[in-house]
Amino acid sequence: MKLEGKVAVITGAGSGFGRQCSQLFASEGASIAVVDIDPERAAGTVELVEQQGGKAIAITADVSVEAQVNSAVAEAVQHFGKLDIMFANAGVVSRGGVPSVAGGEEVEFQDLTEADWQHVLGVNLSGVVYAAKAAVPYLRENGGGTILATSSAASLVAYHNIAMYSATKAGVNGLVRGLSLDLGKYGIRVNAICPTHGMSPNFLMPQGSPVVGQSYEQVAGPWDPSISPIPLKLQRPPSLLDNAKVALFLASDDSQYLSGVVMPSTDGGTLARVGMWFAEDKGSPGDL
């Protein structure tokens, strides 16, 4: 087992990617503190972990509030006795970033409000800062450990209608690099995962929506790799588990000498291509 005897705090673990990582990390021997703003979702993740023979507790916290993050990490350490992995995964998309086809509203950048900005900034960037700050004393006491953050492919390339979100995720990347330099002397590794495909539709749904448990591509219907815009053509769609396995690698001793890394995951070559249409590409330029 890759995480035998480890203790992990995972924020945003009540659904989607965080829930998948909780289950995978627990199956590899870790005890999990499932942190989520929604207590019912957190309890649901704990139930799944326990059904699979793992150990987990549910903790309710809003990661944009530093005192709540401090309390959550302290509760996890009090319950399990130590901390090895701080996984700052919780995130929200900026308003207007949900496609209208998914029930979202279209909002022009200049019409976004101060509250809109503070919300996405508070969860996506401040939440990672608070998680790292809360974890460092316990990781130092433990002789080292891992801080992992969920960034995004949107921190590396542009996506429509989520400039604020992209800015916060780019900030996460900068934070990771800076902390890797500052915390390395304590044996603390700091890395980020940047998912491209294979993430949860729950990310685009209102808080409290039923947990889907599958990726965007899996719920879109029958998979046809020949019409997928992903350059890598496999006979199955990308999944949450594909991303979770990369997170497991970064959290485990398999990556013991990696720090300051911002790693694209479940990318399939998407980020490697140029943004133009070639004659050999099927479909139209809009398909890219």
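Everything here concerns the structure above.
Residues numbered from 1 in each chain as written. Predicted model: local features only at pLDDT ≥ 70, side-chain atom pairs only at ≥ 80, totals over all residues. Heavy atoms only, no water.

K.L.:
I'm lost on the sheet that holds strand 5 (residues 145–150) in this one. Help?
P.N.:
By way of backbone hydrogen bonds, the strands of a sheet pair with one another, either parallel or antiparallel. Within the open sheet, the 7 strands sit side by side as 3-2-1-4-5-6-7. Their pairing is parallel. With one partner strand each, in any of the chains shown, strand 3 (55–60) and strand 7 (262–265) form the two edges of the open sheet. Direction aside, neighbouring strands of the sheet carry axes that sit 20° apart on average. Bridge count for strand 5 against strand 6 (residues 188–195) is 6 bridges, and the pairing is parallel. For glycine 145, the partnering residue across the bridge sits in strand 6 and is isoleucine 188. Relative to the sheet, helix 1 (residues 16–27) contacts strand 1 (7–11), strand 2 (31–36), strand 4 (85–88), strand 5 and strand 6, its axis offset from that of strand 1 by approximately 170°. Those strands touched by helix 5 (residues 163–183) are strand 5, strand 6 and strand 7, and its axis lies near 160° from that of strand 6. (Pairing = 2+ DSSP bridges. Helix = DSSP H or I, 4+ residues; strand = E, 2+ residues; numbered from the N terminus. Axes fitted to C-alpha atoms, helices over the stretch in contact; angles between N-to-C directions. Contact = heavy atoms within 4.5 Å.)

K.L.:
Would you mind showing me how to read a nonpolar patch on the surface here?
P.N.:
Residues Leu156, Val157 and Tyr159 make up a contiguous nonpolar surface patch of roughly 240 Å² in combined accessible area. Structurally, tyrosine 159 can be placed in the loop between strand 5 and helix 5. Using a relative accessible area of 37% as the deciding quantity, one classes tyrosine 159 as partly exposed. (Patch = residues over 30% accessible without salt bridge, like charges linked within 9 Å, V, L, I, M, F, W, Y side chains within 5 Å. Areas by Shrake-Rupley, 256 points an atom, 1.4 Å probe, with all protein chains shown as cover. Salt bridge = Lys/Arg side-chain N within 4 Å of Asp/Glu carboxyl O. Buried < 20%, exposed > 50% of the residue type's maximum accessible area, 1.4 Å probe, protein only.)

K.L.:
Please clarify how the pattern of salt bridges should be interpreted in this entry.
P.N.:
Opposite charge on two side chains lets them pair, provided their charged atoms get close. In the structure shown here, the tally under the stated rule is 6 salt bridges. Among the salt bridges present, the one from aspartate 254 reaches lysine 2, with a minimum N-O distance of 2.6 Å. Within this pair, whereas aspartate 254 is found in the loop between helix 7 (240–251) and strand 7, its partner lysine 2 is found in the segment before strand 1, the two being separated by 252 residues in sequence. In this structure aspartate 254 comes out as partly exposed when scored by relative accessible area, which is 47%.

K.L.:
What should I look at first to understand helix 5 in this one?
P.N.:
Side chains that are three or four residues apart share a direction in an α-helix, a result of its 3.6 residues per turn. In a regular helix each residue adds 1.5 Å, so 21 residues correspond to 30 Å; helix 5 covers 30 Å between its end C-alpha atoms and thus fits that length. Taken as a whole, helix 5 has its buried residues at Met164, Tyr165, Ser166, Thr168, Lys169, Val172, Asn173, Val176, Leu179, Ser180 and Leu183. Taken together, the buried residues of helix 5 touch helix 4 (114–141), strand 5, strand 6 and strand 7. (Expected span 1.5 Å × (residues − 1).)

K.L.:
Help me understand the side chain of serine 180, please; the structure alone is not making it clear to me.
P.N.:
You can see serine 180 is positioned in helix 5. For serine 180, a relative accessible area of 17% puts it in the buried group. In terms of polar contacts, serine 180 uses its side chain to reach the backbone carbonyl oxygen of arginine 177, at 2.7 Å. Discounting residues that sit within four places of it in the chain, serine 180 has contacts with Val190, Ser259 and Gly260. (Polar contact = N/O pair within 3.5 Å; in protein donor to acceptor, adjacent residues only side chain to side chain.)

K.L.:
Looking at this structure, how should I read the packing of aromatic side chains?
P.N.:
For any two aromatic rings, the description comes down to two numbers: the centre-to-centre distance and the angle of the planes. All chains considered together, the criterion is met by 2 aromatic pairs. Considering the side-chain rings of phenylalanine 17 and phenylalanine 87, the 6.1 Å spacing of their centres and the 85° angle between planes classify their relative orientation as edge-to-face. Taken as a pair, phenylalanine 17 in helix 1 and phenylalanine 87 in strand 4 lie far apart in primary sequence, 70 residues in all. Residues phenylalanine 17 and phenylalanine 87 agree in their burial class; the two are buried. Aromatic pair phenylalanine 25 and phenylalanine 87: ring centres 6.1 Å apart, planes at 20°, arrangement stacked. Of this pair, phenylalanine 25 sits in helix 1 while phenylalanine 87 sits in strand 4; the two residues are 62 residues apart in sequence, bridging distant segments of the chain. By way of ring pairs, the aromatic residues Phe17, Phe25 and Phe87 are connected into one cluster. Above the ring of tyrosine 186, the side-chain terminus of arginine 140 is found at 3.7 Å from the ring centroid. (Phe/Tyr/Trp six-rings, centres within 6.5 Å; stacked < 30°, edge-to-face > 60°. Lys NZ or Arg CZ within 6 Å of the ring centre and 35° of its normal.)

K.L.:
It is not clear to me how the pairing of strand 6 should be interpreted in this structure. Could you clarify?
P.N.:
Every other side chain in a regular strand lies on the same face of the sheet, so the side chains alternate between the two faces. Counting buried positions along strand 6 yields 8 of 8 residues, so the element is predominantly enclosed. Neither face of strand 6 is open: one carries Ile188, Val190, Ala192 and Cys194, the other Arg189, Asn191, Ile193 and Pro195, and all of them are buried. With respect to chirality, the unit in which strand 5 leads through helix 5 into the neighbouring parallel strand 6 is right-handed. Inspection of the sheet shows strand 6 paired to strand 7 by 4 bridges, in the parallel sense. Residue pairing for strand 7: cysteine 194 is matched across the bridge by proline 264. (Right-handed = clockwise from strand over helix to strand, strands pointing away.)

K.L.:
Whenever I open this one, the packing of helix 1 against helix 7 confuses me. Can you help?
P.N.:
A packed helix pair is summarised by two numbers, namely the angle formed by the two axes and the spacing between the axes. With their axes 9 Å apart at the nearest point, helix 1 and helix 7 run at an angle of 60° to one another. Relative to helix 7, helix 1 is oriented oblique. Here helix 1 and helix 7 pass one another in a crossing that is right-handed. Here Gly16, Phe17, Gln20, Cys21, Leu24 and Phe25 of helix 1 lie close against helix 7, whose contacting residues are Leu240, Leu241, Asn243, Ala244, Lys245, Ala247, Leu248 and Ala251. Taken together, the residues that form the contact of helix 1 with helix 7 break down as 10 nonpolar, 3 polar and 1 charged. (Parallel < 35°, antiparallel > 145°, perpendicular 65-115°, else oblique. Left-handed = near helix turned anticlockwise from the far one by under 90°. Nonpolar A, V, L, I, M, F, W, Y, C, P; charged D, E, K, R; others polar.)

K.L.:
When you look at the environment of alanine 56 in this model, what are you seeing that I'm missing?
P.N.:
Tracing the backbone shows alanine 56 in strand 3. Using a relative accessible area of 10% as the deciding quantity, one classes alanine 56 as buried. Leave out the neighbours within four places in its chain, and alanine 56 touches Ile32, Val34, Val46, Val49, Glu50 and Phe80.

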